[in-house]
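Given next are the chains, with one letter for each unit.
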Amino acid sequence: MQPNIRIFSVLISILTLLFMTTPVFGYFSLVSQTARLVGIVKDSQKNAVGQATISIYSLNSKATQLLVANAVSNNEGFFQIDNLPPDDYEIVVQHTNFQTYQANVKVINNKENTLELILSAIEKTNDQKTKETEGLTVSVAVNAAQEAFETPQQMEIVTKNQLKSRPGILLPELLREEPGVILVQGASFYGQVAIRGLTGQRVAALVDGVRFNNSTFATALQPTLGLIDTNSIKQTEIVYGPGSAVYGSDALGGTINVVSENPSFYKKGFEFHGTLGTFFNSASLTGGGNVKISVGNKKFSALFNAFGQRINDLRSGQGIDSHSIVTLYLGLPSKLLGDRLQDTGYLHYGSTAKILYKIANDQQLSFFYQHTTERNTRLYFLLNGGFGTQGANFSPQVLDFFYTRYKKQDLGFLDSLVATFSVNRQRQQFGLQTTVDPISFTEARVNTAYGYALQGTTNIGSTQFLTIGGEFYYERVKDARRLSFLNQQSLIRGIVPNNTRYLNYGAYIQDTVEIIPGKVRLNGGVRYSAFFYKTDSKKNVLDSFGNATVPDLSIRNDDVTFNLEGIVFVKQRLSLIANVTRGFRSPNVVDLGSVGSLPSGVEVLTSEAQALGGFIGTTADATAVSTGRKVSPLRPESLINYEVGAKFQDEHFRSTITFFSGTIDGFINQRTLILPQGAVGKIIGGLPIVSQDPVTGAVTTPVDPRPVIVKANATNVRLYGIELSSQIKLSNQLTLSGNFSYLRGIDKKPVTLTPLLGDKVMKRSADIPEIEGGLPPATGFISLRYQSMQKHFWIEAYSNMASFQDRLSSQDLTDVRIGGARSRGDIAFFFFNRAIALGLVGVNRNSVPVLLKTGETLQQVQDRVLGTGVIRSPLFISTPGFATFNLRGGIDLTEHNNVTIILENILDKNYRLHGSGVDAPGINLVVRYSWRF
């Protein structure tokens, strides 16, 4: 397989098709109206301004100004108003980042009236323009493209229109076209994004500047971002690299700030507007819709949105599941179980409300509430997509997120003061069942996650802008597990201790200074953060062995982080950036308190492992030997990152290139626990140790044959790479865009890997770091877009690409979602349990159990799948590369009706995003329709 040749062939096909078909688009036109007003909204730099409100008022109304029509500019700044009677009008253009534009215009009959409207930025008290993005204050210019151009960090902004033009249902799926953003699709109902190779708890997530991460739902196996209502998003801001000095713990790989849509104020009186939308997705036979209502007057405004969608079982490329249980354990084609991925369907619904109230011209109060529920959700990679368990029900997944915010302008020496109170409640319930074990139901709830934040900004002179803030978050976790077997139920402790309390507080200061006005700008800041973790044994039930599993424990961590970023404007169109930043991640509740049977094995507390004199293993599986380092209390991860780059932007070309390099010290990961000999019979994690390897010292418990694991600051990891993004405007109608990212990861404390006797030899290097989800491969995106100037019609051909990834760690090779290593014991367990339940295994005329499809006995299947004499081997030793060919387009049928059509993966390629637990959709038709009123 030569993925590079395939990728280049797809690119040539894209360009050929687009250039052949482009002349045809010129013949499309909307039906001419008697009087039509067409225009484009731009800023003073000639950049398009989207989401500007255009209002047309009659000048002939004697009593009062009469609103005749209105429209909203699209992402390219275009708007069109039909059926205007010939007359003299006043046109008013409004946008939050610009001064209101007002002018008189004469509409002439039988003519298309064309306007170019230039908006001026809102003036501040100094030369620097600032935007407060719902609590996230960033030094920016007047629109999204200019905003990213003038920041000293690598930054991407995804607008609402861009999100609506992309395939996918959940927010992480809609962000995968951004440079360096990798979708980690753990299951159909959730997903995370990896930024610079880091995901889950190492990427900070915010909603309107309010912390969305919490201490419990913080891994790549949690839904988090997937629970956010995408119908209520105004834009999504992605800041690359460490951001802990501003955003606190977890901001190592990057920060994602989801900016919700604001309701509009109407100066002429009370108004009522809304949108109805619906969509269909053929790959998963998904249907759904939403209704959005906006009401308001000059002092009060409110926005309400409700949505619901039913997702059915997914058909992946060619109807194949690359990691199917029948392929993994039996070496048979996945279509033996059908051409759709059973149990990937679910129900997704929710609602969002946002209310703004102007107390005075300089004061505003806002309220935001979002509720999301996912039901009938199941982890596919624990079912037919990997482990082959009987049941893996992860239903329901529930989010309740609320905040209220008070803003005051010109308060003493402060230009603004923002105070925020928030409640973040996320609930997850799941049950696991094999064919022989009891059903285990677990419910985890961040029952009280309260947040308090205060932020002030001020200008010092004409060249300095200061931001000061502080925040406090208090969480209390409720978690319990219920075992049900033969109608008997018993309670045991949850995965994390019940009633765990986790406190997170910090204070920060950021200063932006124009060293040479208009030429050199520095941005620097420092933050102090502290964290408290506390468990109470009296609040936790006893396990079935009668031993307390939760000790009284109190842990405190604190840290100081900083950032220093500079940008030099070499010319009006060219800027250079250089940064040094320090990020950190404090151990969370999952790190400090996880105990019990997990998909990765039986995990125990570091305090228990330390009390038994435990050592850290070289890996997290049966191949581990002792590193010679004793288990010790977890400390925060820290990252020092260096970054240089350049940004260029003019009327026809825009490009950004960034080089980065950083080292994470004290990287926290799971490792096999190695105990001194003689550990059999001792209790750990509430379970007795039933066996111990006489050579390595690894131990096992009665609930899992795999070695016991423990969290540890296992190693130091260096990550370095490049991100490139470009856009070329070939003409007024044709734009070529693309991006590319490459990441390299190195374990700076490599250990010698010692495969078990009989393991298949696997080519891998000892310096490959064990990172959750694995190191992503090089990825790319390219598109060619045609945009009609006046007809509100566009079409785009694009390709998502990824190289192969053969740098797999031992953890990756074992992970059923990546390498899928399986042993003779694994195959035997599947053969005599799940395979029988599926009707794949029966007995022959001699009463010998055989695989019915081939007539093979268990040993014959093991020899064929693994190789004669081989104990264990992976299904994959690398993740294959891919390139997809896709088309999409949209048209405004009228001023109020819009249709978007997407044809994804036209070649029906079977592929899997690296680290994901489900294959990507096959050929997929997506149709979206919206009606504004």
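Our subject in this report is the structure included herewith. What you see is a predicted model, and the numbers here were worked out from it, not measured in a lab.

### Details of the sheet that holds strand β14 (residues 210-211)
Two orientations exist for strands paired in a sheet by backbone hydrogen bonds: parallel and antiparallel. Spatially, β10-β15-β16-β13-β14 is the arrangement adopted by the five strands of the open sheet, whose pairing is mixed. In this open sheet, the two strands that pair with only one neighbour each are β10 (155-159) and β14. Note that strand β13 (residues 203-207) and β14 share two bridges and pair antiparallel. Paired with Leu 206 across the strands is Arg 211, a residue of β14.

### What to know about empty space enclosed by the protein
Enumeration according to the criterion identifies 14 cavities of 30 Å³ or more in this entry. As for the second largest cavity, its lining consists of 30 residues, of which Gly 168, Glu 173, Gln 185, Leu 314 and Pro 921 are closest to the centre. Among the secondary structure elements, those contributing two or more residues to the lining of the second largest cavity are α4 (171-174) and β11 (181-187). Each residue belonging to the lining of the second largest cavity can be placed in one class, and the counts come to 14 nonpolar, nine polar and seven charged.

### So, the packing of helix α10 (residues 824-832) against helix α12 (residues 858-866)
Axis separation between α10 and α12 bottoms out at 10 Å; the angle between their running directions is 130°. Between α10 and α12, the angle falls in the class oblique. As for the relative orientation of α10 and α12, their crossing is right-handed in sense. Contacts between α10 and α12 involve Arg 824, Ile 827, Ala 828, Phe 831 and Phe 832 from the first element and Leu 858, Val 861, Gln 862, Asp 863, Val 865 and Leu 866 from the second.

### Here we look at the pairing of strand β18 (residues 286-296)
Regular strands show a simple pattern: their side chains alternate between the two faces of the sheet. The sheet contact formed by strand β17 (residues 271-281) and β18 spans 11 bridges and is antiparallel. From the neighbouring strand, His 273 faces β18, where its bridge partner is Ser 294. Where β17 folds back onto β18 in an antiparallel hairpin, the turn is made up of four residues, including Leu 285, whose phi is positive at roughly 50°. Pairing between β18 and strand β19 (residues 300-311): 10 bridges, direction antiparallel.

### Digging into the nonpolar core
If you look at the biggest cluster of nonpolar residues, it comprises 46 residues, and the most contacted ones within it are Leu 330, Leu 379 and Leu 851. Those elements giving two or more residues to this core turn out to be α6 (325-330), β29 (520-535), α7 (589-593), α10 and α12. By residue number, the principal contributor to this core is α6, which donates five residues. The contacts of Leu 851, once residues within four sequence positions are left out, are Leu 330, Leu 332, Phe 831, Leu 840, Val 841, Glu 856, Val 861 and Arg 864.

### A closer look at the pattern of salt bridges
This model, assessed by the stated rule, comprises 31 salt bridges. With a shortest N-O distance of 2.9 Å, Arg 211 and Asp 250 are connected by a salt bridge. Of this pair, Arg 211 sits in strand β14 while Asp 250 sits in the loop between α5 (244-247) and β16 (254-260), and the two are 39 residues apart along the sequence. Under the relative-accessibility criterion, Arg 211 is labelled buried at 10%. In this structure, Arg 527 and Glu 471 form a salt bridge, with 2.4 Å as the shortest nitrogen-oxygen distance. Separated by 56 residues along the polypeptide, Arg 527 in strand β29 and Glu 471 in strand β26 (residues 464-485) bring together distant segments of the chain. The same class applies to Arg 527 and to Glu 471, which are both buried. Salt bridges linked by common partners bring Arg 166, Glu 177, Glu 178, Arg 785, Glu 796 and Arg 888 together as one network.

### A word on α10
Listed as buried for α10 are Arg 824, Ile 827, Ala 828, Phe 830 and Phe 831. Around the axis of α10, the buried residues are gathered within 165° of arc, so they sit on the same side. Looking at the packing, one finds that the buried side of α10 touches α6, β46 (822-823), α11 (834-837), β47 (841-843), β48 (849-851) and α12.

### Some thoughts on the side chain of Arg 912
The topology assignment puts Arg 912 in the loop between β52 (897-904) and β53 (924-932). Of the polar contacts made by the side chain of Arg 912, one reaches the backbone oxygen of Arg 817; its length is 3.4 Å. A distance of 2.7 Å separates polar atoms of two side chains, one belonging to Arg 912 and the other to Asp 919. Contact partners of Arg 912, with chain neighbours within four places excluded, come to Asp 321, Ser 322, His 323, Arg 817, Thr 879, Phe 882, Gly 917, Val 918 and Asp 919.

### Some thoughts on α12
Those residues of α12 that fall on the buried side of the exposure criterion are Leu 858, Val 861, Gln 862, Val 865 and Leu 866. In an axial view of α12, the angular spread of the buried residues amounts to 100°, which keeps them on one side of the axis. In the core, the buried residues of α12 are packed alongside α6, β46, α10, β48 and β49 (872-873). Two residues or fewer after α12 comes Gly 867, characterised by a positive phi angle close to 110°.

The rules behind each value
Residues numbered from 1 in each chain as written. Predicted model: local features only at pLDDT ≥ 70, side-chain atom pairs only at ≥ 80, totals over all residues. Heavy atoms only, no water. Pairing = 2+ DSSP bridges. Helix = DSSP H or I, 4+ residues; strand = E, 2+ residues; numbered from the N terminus. 1 Å grid on protein atoms, 1.4 Å probe; cavity = no way out; pocket = protein on both sides within 12 Å on 5 of 7 lines; lining within 4 Å. Points joined across faces, edges and corners; volume = space filled by probe spheres on them. Nonpolar A, V, L, I, M, F, W, Y, C, P; charged D, E, K, R; others polar. Axes fitted to C-alpha atoms, helices over the stretch in contact; angles between N-to-C directions. Parallel < 35°, antiparallel > 145°, perpendicular 65-115°, else oblique. Left-handed = near helix turned anticlockwise from the far one by under 90°. Contact = heavy atoms within 4.5 Å. Core = buried A, V, L, I, M, F, W, Y, C linked by side-chain atoms within 4.5 Å. Buried < 20%, exposed > 50% of the residue type's maximum accessible area, 1.4 Å probe, protein only. Salt bridge = Lys/Arg side-chain N within 4 Å of Asp/Glu carboxyl O. Arc of directions from axis to C-beta. Polar contact = N/O pair within 3.5 Å; in protein donor to acceptor, adjacent residues only side chain to side chain.

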